[in-house]
Amino acid sequence: MTQEPFDLGVGIPCLDFANTVDWHAGPQPADRLRDYGDLLAWGEAAGLLSAGRRGDLARAAAADPAAAAAAFGRAVALREAIYRIFAALAAGQPASSESEDLAILNDALGPALAHLQIAPGAAGFTWAWRAGPADLDQVAWPVARSAGELLASDQLDRVRQCEDDRGCGYLFVDTSRNRSRRWCSMETCGNRAKARRHYRRSKKEGPDPEDPA
């Protein structure tokens, strides 16, 4: 099980899911999801699973490890497709209706939307998922729906990728008024870039402080 907390700072399931790989755009990405148990942990942390449903799915996975491994593989394939789609769009690359990544997303959307239903809520009606305790793919359903909704929304042109030159790769939605956000966080990648710019100005384009002597 993953020991470190997941970064859920975007608040949009598909982008938070894509961000379960640290340094996603770098030469040595670090995957926080190593198995189906980690996928369930992320699903609960993201508010997509209750603790009880996570326990049900963990037991179903233990009873059929091969099916759980297959569901995990499908979830990871969906994550990588989502990451590539939104990273490309953030870079200004046109989307293709025939792309393999869009096909992966649409393949996931079919069974996901088939399990979506209207149910009574606290103030009327709401969308809900119709899922049994052995539906091992159910963590991916709201992720796929989220990706489809974001692609069809007026927020799409605000999707950005962290510009850190080490390959942070973090995806986010730029909610700044002038759409000028460049970093996943000013406390991390932003401060590093600011420090490097300051160093170069002070040394008149001297050697990079991170370069080996």
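In what follows, the accompanying structure is described.

Parameters and conventions
Residues numbered from 1 in each chain as written. Predicted model: local features only at pLDDT ≥ 70, side-chain atom pairs only at ≥ 80, totals over all residues. Heavy atoms only, no water. Helix = DSSP H or I, 4+ residues; strand = E, 2+ residues; numbered from the N terminus. Contact = heavy atoms within 4.5 Å. Polar contact = N/O pair within 3.5 Å; in protein donor to acceptor, adjacent residues only side chain to side chain. Phe/Tyr/Trp six-rings, centres within 6.5 Å; stacked < 30°, edge-to-face > 60°. Buried < 20%, exposed > 50% of the residue type's maximum accessible area, 1.4 Å probe, protein only. Axes fitted to C-alpha atoms, helices over the stretch in contact; angles between N-to-C directions. Parallel < 35°, antiparallel > 145°, perpendicular 65-115°, else oblique. Nonpolar A, V, L, I, M, F, W, Y, C, P; charged D, E, K, R; others polar. Expected span 1.5 Å × (residues − 1). Salt bridge = Lys/Arg side-chain N within 4 Å of Asp/Glu carboxyl O. Patch = residues over 30% accessible without salt bridge, like charges linked within 9 Å, V, L, I, M, F, W, Y side chains within 5 Å. Areas by Shrake-Rupley, 256 points an atom, 1.4 Å probe, with all protein chains shown as cover. Core = buried A, V, L, I, M, F, W, Y, C linked by side-chain atoms within 4.5 Å.

### Looking at the environment of Arg160
Step number 1: On the secondary structure map, Arg160 appears in strand 5 (residues 159-161).
Step number 2: Once the C-alpha coordinates of Arg160 and Leu171 are considered, the two residues, 11 residues apart in sequence, prove to be 5.7 Å apart.
Step number 3: Setting aside chain neighbours within four positions, we find Arg160 in contact with Ala90, Tyr170, Leu171, Phe172, Asp174, Arg179 and Arg181.
Step number 4: In terms of polar contacts, Arg160 uses its side chain to reach the backbone carbonyl oxygen of Asp157, at 2.7 Å.

### Remarks on the packing of aromatic side chains
Step number 1: One pass over the structure, following the stated rule, counts two aromatic pairs.
Step number 2: Between the aromatic rings of Phe17 and Trp42, the centroid separation amounts to 4.8 Å while the plane-to-plane angle is 45 degrees, which identifies the pairing as tilted. Taken together, the positions of Phe17 in helix 1 (residues 13-18) and Trp42 in helix 2 (residues 36-45) put the pair 25 residues apart, joining distant regions of the chain. This pair shows no difference in class: Phe17 is buried, exactly as Trp42 is.
Step number 3: Consider the rings of Trp129 and Trp141, whose centres lie 6.1 Å apart with planes at 40 degrees: the pair is tilted. Note that Trp129 is positioned in strand 4 (residues 124-129) and Trp141 in helix 6 (residues 140-151), a separation of 12 residues in sequence.
Step number 4: Taking the relative accessible area as the measure of exposure, Trp129 reaches 29% and is therefore partly exposed.
Step number 5: Under the relative-accessibility criterion, Trp141 is labelled buried at 6%.

### Examining the packing of helix 2 against helix 3 (residues 51-63)
Step number 1: Helix 3 packs onto helix 2 with a crossing angle of 170 degrees between their chain directions and a minimal axis gap of 10 Å. Put simply, helix 2 runs roughly antiparallel to helix 3. In this structure, helix 2 contributes Tyr36, Leu40, Ala41 and Glu44 to the contact, and helix 3 contributes Ala51, Arg54, Leu57, Ala58 and Ala61.
Step number 2: Across the contact of helix 2 with helix 3, the residue classes break down as seven nonpolar, no polar and two charged.

### Side note on helix 5 (residues 100-114)
One turn of the α-helix equals 3.6 residues, which is why residues spaced by three or four share an orientation.
Step number 1: With 15 residues, helix 5 should reach 21 Å at 1.5 Å per residue; the first-to-last C-alpha distance of 22 Å fits that figure.
Step number 2: Of the surrounding elements, those touching the buried residues of helix 5 are helix 4 (65-90), strand 3 (116-121), strand 4 and helix 6.

### Quick word on the pattern of salt bridges
Step number 1: Overall, the coordinates contain 14 salt bridges when judged by the stated rule.
Step number 2: The shortest N-O distance in the salt bridge between Arg160 and Asp174 comes to 3.8 Å. A residue pair is termed long-range when its members are at least 10 positions apart, and Arg160 in strand 5 and Asp174 in the loop between strand 6 (171-173) and helix 7 (186-202) qualify at 14 residues. Here the two residues Arg160 and Asp174 agree in accessibility, since each one is buried.
Step number 3: Salt bridges sharing common partners tie together Asp31, Arg79 and Glu80.

### What about a nonpolar patch on the surface?
Step number 1: A cluster of nonpolar residues, Ile118, Phe125 and Trp127, forms a patch on the protein surface that exposes about 400 Å² of accessible area.
Step number 2: With respect to the helices and strands, the residue Phe125 is situated in strand 4.

### Quick word on the nonpolar core
Step number 1: With 47 residues, the main nonpolar core has Cys14, Tyr36 and Phe86 as its most contacted residues.
Step number 2: For this core, the secondary-structure elements that each account for two or more residues are helix 1, helix 2, helix 3, helix 4, helix 5, helix 6 and strand 6.
Step number 3: The element that contributes the greatest number of residues to this core is helix 4, accounting for 10 residues.
Step number 4: Not counting residues up to four positions away in its chain, the partners in contact with Phe86 are Cys14, Leu15, Ala147, Leu150, Leu151, Leu156, Val159 and Leu171.

Honestly, that's just the spatial picture; any functional story needs more than this.
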